[in-house]
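# Chain and residue survey
For reference, the chains in residue letters:
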Amino acid sequence: MRVRNWQDILEDVVESGADAGDWRAVAGNRNRGLGEDLYLGHPKAGVFQLKTYAKNPFEVKGVGTRVARRIDDDLEPFFPNERVGGRFGIQSPIEESKAERTGKELTEILKAHADAPTTPNALFEDVMGALDSPAFGPLEFDHTERSAKLDELASTFEEAEKLLDAELDDLIEDDEVGRGFM
């Protein structure tokens, strides 16, 4: 298992070539300490675990790794399905040459959804398609409590959990983030 910068892991997700709309995610606060846990999963591209924290309001740091080659029958119940309320999307910056066309396309999508009976999920998928998002889908995230699914994933990938926790704790300690303001 190779621990890497969290942004390198997201780059792997972006470059995976997997069907963009088949990604799913489970996220929440870390079990202990500062930061958040995130599991990104795709049936064919695998499962990626990330641990991040906000060093300050403008900078997020973290680590991650790939923990599984695919979502198998044992992992399937831990990831949300389409009926979940939360959604996530990964977006690369839009090239300047495509910005005007993308803006017009987004405007047309919003007009179409305003004029016709539709669902929030349909709007989300159309917007992600117009933005050419490489990964998007349902997200289970609770701002107040750590979900049981997140705990189950952590225990399923216990070795990665311990290693990533230690690496993230080192980053936090190096940045002296836990010391507060004086």
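Going along each chain's sequence as written, the residues are numbered from 1 onward. Where local features are concerned, this predicted model is filtered to residues with pLDDT of at least 70; where side-chain atom pairs are given and counted, the filter is 80 or more; whole-chain, interface and lining totals use all residues. As a rule here, side-chain values come from all non-hydrogen atoms in the structure, and water together with hydrogens is ignored.

### With respect to the packing of helix H2 (residues 96–115) against helix H3 (residues 120–130)
Helix axes are fitted to C-alpha atoms over the stretch in contact, other axes to C-alpha atoms as well, and angles between N-to-C directions run from 0 to 180 degrees. Put simply, DSSP H or I for four residues or longer makes a helix, DSSP E for two residues or longer makes a strand, and each gets a number counted from the N terminus. In the contact formed by H2 and H3, the axes pass within 9 Å of each other and the chain directions differ by 165°. Between H2 and H3, the angle falls in the class roughly antiparallel. For the pair H2 and H3, the sense of crossing is right-handed. In this structure, H2 contributes Thr-102, Glu-105, Leu-106, Ile-109, Leu-110 and His-113 to the contact, and H3 contributes Ala-122, Leu-123, Asp-126, Val-127 and Ala-130. Charged means Asp, Glu, Lys or Arg here, nonpolar means Ala, Val, Leu, Ile, Met, Phe, Trp, Tyr, Cys or Pro, and polar covers whatever is left, Gly included. Its residues assigned to classes, the contact of H2 with H3 comprises seven nonpolar, two polar and two charged. If an angle is under 35 degrees, it is roughly parallel; if it is over 145, roughly antiparallel; if it lies from 65 to 115, roughly perpendicular; otherwise it is oblique. In this scheme, a crossing is called left-handed if the near helix is turned counterclockwise away from the far one by less than a right angle; it is called right-handed if the turn is clockwise. Residue contacts are defined here by distance: any two heavy atoms, one from each residue, within 4.5 Å place the two residues in contact.

### With respect to the nonpolar core
Counting residues in hydrophobic clusters, the biggest one holds 16 residues, and the most contacted among them are Val-13, Trp-23, Leu-40, Phe-88 and Ile-90. Among the elements of the structure, helix H1 (6–15), strand E2 (24–29), strand E4 (46–56), strand E6 (86–90) and strand E7 (135–141) are those that each provide at least two residues to this core. With four residues, H1 is the largest single contributor of residues to this core. Among residues more than four places away in sequence, those in contact with Val-13 are Trp-23, Leu-40, Phe-48, Ile-90 and Ala-135. Definition of nonpolar core: a set of buried residues of the types Ala, Val, Leu, Ile, Met, Phe, Trp, Tyr and Cys, connected through side-chain atoms within 4.5 Å. Burial classification: accessible surface area is computed with a 1.4 Å probe over protein chains only, and a residue below 20% of its type maximum counts as buried, one above 50% as exposed, and the rest as partly exposed. Core analysis: the next-biggest nonpolar cluster, separate from the first, contains 14 residues, Ala-68, Phe-79, Ala-154 and Phe-157 among them.

### A few points about H3
Where H3 is concerned, the buried positions are Phe-124, Val-127, Met-128 and Ala-130. The buried side chains of H3 occupy one side of the element, clustering within an arc of 160° when seen end-on. On the buried face of H3, the contacting elements are E6, H2 and E7. Downstream of H3 by a residue or two, Asp-132 has a phi angle that is positive, lying close to 55°. By arc we mean the arc of the directions from the helix axis to the C-beta atoms, nothing more.

### Here we look at the side chain of Thr-52
Structurally, Thr-52 can be placed in strand E4. Those residues within four positions of Thr-52 in sequence are excluded, and the remaining contacts are Trp-6, Gly-35, Glu-36, Val-60, Lys-61, Gly-62 and Leu-168.

### Quick look at the packing of aromatic side chains
Only centres within 6.5 Å qualify two rings of Phe, Tyr or Trp (six-membered ring in Trp) as a pair; their planes then separate them into stacked at under 30 degrees, edge-to-face at over 60, and tilted for everything else. As enumerated under the stated definition, the model contains three aromatic pairs in all. With 6.1 Å between their ring centres and 40° between their planes, Trp-23 and Phe-48 make a pair best called tilted. Of this pair, Trp-23 sits in the loop between H1 and E2 while Phe-48 sits in strand E4; the two residues are 25 residues apart in sequence, bridging distant segments of the chain. Of the two residues, Trp-23 and Phe-48, both sit in the buried class.

### A closer look at helix H5 (residues 158–175)
For H5, which comprises 18 residues, the first-to-last C-alpha distance of 26 Å matches the rise-based estimate of 26 Å (1.5 Å per residue) to within 8%. As for H5, its buried residues are in contact with strand E3 (36–42), E4, strand E5 (59–68) and helix H4 (148–156). Backbone geometry just downstream of H5 places Glu-176 in the positive-phi region, at approximately 55°. The span you would expect from a helix comes to 1.5 Å times its residue count less one.

### Quick word on the pattern of salt bridges
Salt bridges, as used here, are contacts in which a Lys or Arg side-chain nitrogen is within 4 Å of a carboxyl oxygen on Asp or Glu. Inspection of the entire model under this criterion finds 18 salt bridges. Between Asp-175 and Lys-55 there is a salt bridge, with its nearest N and O atoms 3.7 Å apart. Of this pair, Asp-175 sits in helix H5 while Lys-55 is found in strand E4, placing the two residues 120 residues apart along the sequence. Here Lys-162 and Glu-158 are joined by a salt bridge, their closest N and O atoms 3.5 Å apart. Pair noted here: Lys-162 and Glu-158 are both in helix H5, with a separation of four residues, about one helical turn. Since its relative accessible area comes to 55%, Lys-162 is described here as exposed. If you follow the salt bridges from partner to partner, you end up with Arg-30, Arg-32, Asp-37, Lys-51, Arg-146, Asp-151, Glu-161, Asp-165 and Asp-169 in one network.

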